[in-house]
Amino acid sequence: MKWSDKDTNGSMEHCACCGRKLTSEPVYVEVIDGGGQVAAPGLDPDQSDSGYMGFFPVGRSCAKKHFRGYTHDSI
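A brief look at the structure comes next. (Residues numbered from 1 in each chain as written. Predicted model: local features only at pLDDT ≥ 70, side-chain atom pairs only at ≥ 80, totals over all residues. Heavy atoms only, no water.)

1. A word on the pairing of strand β1 (residues 27-32)
Taken across its six residues, β1 has six buried, putting it largely inside the fold. Side chains Val27, Val29 and Val31 project from β1 onto one buried face, and the interleaved Tyr28, Glu30 and Ile32 project onto a second face that is buried too. Bridge count between β1 and strand β3 (residues 54-58): five bridges; the pairing is antiparallel. Paired with Tyr28 across the bridge in β3 is Pro57. Here β1 pairs with strand β2 (residues 37-39) via three bridges, running antiparallel. Looking at β2, one finds that Glu30 is bridged to Ala39. (Buried < 20%, exposed > 50% of the residue type's maximum accessible area, 1.4 Å probe, protein only. Helix = DSSP H or I, 4+ residues; strand = E, 2+ residues; numbered from the N terminus. Pairing = 2+ DSSP bridges.)

What follows is the structure, given as structure tokens:
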């Protein structure tokens with residue numbers, strides 16, 4: 001999985017995976033390890049860890065393709 005390299009200025013209106021504008025309600029992935037991994041729901045990662053990056057919106061099609069079992073419906 002590769003994160004989008006499109007410059008969206010940190011917009012929560014674009015998919016963090018492909019960079020396209022979100023047209024429906026997104027799901028969210030909790031990014032850890034400096035962007036190297038996403039946390040599964042219920043993992044409860046250490047938010048004080050320097051590699052913790054928080055939640056990012058992902059479109060439904062990217063979620064099915066790249067993050068099955070790792071998405072949160074809301075933050």
